[in-house]
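Working through the structure, step by step
One letter stands for each residue in the lines below.
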Amino acid sequence: MAHSRTPLMAGNWKMNLDHHEATHLVQKLAWTLKDAKHSYDEVEVVVVPPFTDLRSVQTLVDGDKLDLRYGAQDVSAHESGAYTGEVSAAMLAKLGVSYVVVGHSERRENHAEDDALVGAKAKAALGRQMTPIICVGEGLDVRKAGEQVPYTLAQVDGVYADLSAEEAARTVVAYEPVWAIGTGEVATPEDAQEVCAAIRSRLAELYDQEVADAVRVLYGGSVKSSNVASIMTKDDVDGALVGGASLKAEEFAAIVRYQEHQTGQ
Ligand SMILES: O=C(CO)COP(=O)(O)O
């Protein structure tokens, strides 16, 4: 990375680990990172547990003053009211949540979320001073057709349609090619760079270069400690959104410490 954006490593636990297990994993992660003298300024570390774990994670992070932040996996686009099963941005902000994942491909697929809804969710998070991690990325058929860049940029256009430059500058984008999620099929560093760079250029077109330079663009999809360092050598990749590998403290800590195994890549 040849710029001043702080790398961000976020662990999306998906629908795994109850609040007891969450406490255990966060404690273990904090200890592992402490041993390695991890510095918060060097790499920002975020865990994204299920909603039911957030209060326990908050208590632990605040009580022990841990060097990490936490996020939620989704948020309602609505303020409050008759939306059974939904969780509002205000409720998350009250729990000290810093990040909210919006538009994950699993929500787009299983809950028919479209770009307009994802944009509204991002706006809801921003309205409570939380950072949305906006997920975009193509499926296998699109990749095979070589259409990954226009497809992903169309998602970017749709999600940012209603966001101001000030709001856009406070977002994070996660490029997660659907064919690489949970498959062990990781995109090559060049694949990741191609789309991440295109996303940044599109943000410069939609807003300006300052906004594009401020936004961190993450790669997600089968990231592990063994492949993260080479992906992180790319200029427009500012971090990773990690699924399965974030459920093991040592493995996720090794991902956070990618710089230690970056030499020679
Ligand atoms: O979907 C992902 C993170 O949001 C990626 O999941 P995996 O790392 O398990 O492939």
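Structure report, in brief. All figures in this text were calculated on a predicted structure; none of them were measured in a lab.

Turning to the overall build of the protein, a few remarks are in order. Each helix and strand in the protein was counted, giving 12 helices and eight strands. With the C-alpha coordinates aligned to their principal axes, the bounding extent of the protein is approximately 55 × 45 × 35 Å. Of all 265 residues assigned to the protein, the portion counted as buried reaches 54%. Long-range pairs, those at least 24 residues apart, make up 75% of the contacts in the protein between residues at least 6 apart in sequence. Accessible area of the protein: about 11,700 Å², with a carbon and sulfur share of 50%. Looking at charge distribution, the protein has the averaged site of its 24 positive side-chain charges lying 5 Å from that of its 40 negative ones.

Here the focus is the site of the ligand. Close to the ligand lie 13 residues; K14, H104, G182, S222 and G244 are nearest. A distance of 2.8 Å separates an oxygen atom of the ligand from a polar backbone atom of S222. Take G243: an N or O atom from its main chain is 2.9 Å from an oxygen atom of the ligand. Bound to the protein, the ligand loses 94% of the 310 Å² it would expose on its own.

What follows deals with unusual backbone geometry. Unlike most non-glycine residues, K65 shows phi in positive territory, near 50 degrees. If you trace the backbone, K65 turns up in the loop between α2 (54-63) and β3 (69-72). For K65, a relative accessible area of 72% corresponds to the exposed category. Of note, S222 is a non-glycine position whose phi angle comes to about 55 degrees, a positive value. The residue S222 is located in the loop between β7 (216-220) and α11 (228-232) in this model.

One pass over the structure, following the stated rule, counts two aromatic pairs. An angle of 70 degrees between the planes, with centres 6.2 Å apart, marks the rings of Y160 and Y207 as edge-to-face. Linking Y160 in helix α7 (residues 148-160) with Y207 in the loop between α9 (189-206) and α10 (209-214), this pair joins segments that are 47 residues apart in sequence. Residue class for Y207 comes out buried when judged on its relative accessible area of 18%.

In globular proteins that are soluble, nonpolar side chains generally tend to be buried together. Judged by nonpolar contacts, the single largest core of 73 residues is most densely connected at M9, L29, L92, Y160, I199, L203 and Y219. For this core, the element with the highest residue contribution is α9, accounting for seven residues. Among the nonpolar cores identified, the runner-up in size contains 12 residues, and V48, V101, A174 and L241 belong to it.

Reading the values: rules and limits
- Residues numbered from 1 in each chain as written.
- Predicted model: local features only at pLDDT ≥ 70, side-chain atom pairs only at ≥ 80, totals over all residues.
- Heavy atoms only, no water.
- Helix = DSSP H or I, 4+ residues; strand = E, 2+ residues; numbered from the N terminus.
- Buried < 20%, exposed > 50% of the residue type's maximum accessible area, 1.4 Å probe, protein only.
- Contact = heavy atoms within 4.5 Å.
- Areas by Shrake-Rupley, 256 points an atom, 1.4 Å probe, with all protein chains shown as cover.
- Lys, Arg positive; Asp, Glu negative; His and termini not counted.
- Charge placed at Lys NZ, Arg CZ, Asp CG, Glu CD.
- Near = heavy atom within 4 Å.
- Polar contact = N/O pair within 3.5 Å; in protein donor to acceptor, adjacent residues only side chain to side chain.
- Phe/Tyr/Trp six-rings, centres within 6.5 Å; stacked < 30°, edge-to-face > 60°.
- Core = buried A, V, L, I, M, F, W, Y, C linked by side-chain atoms within 4.5 Å.

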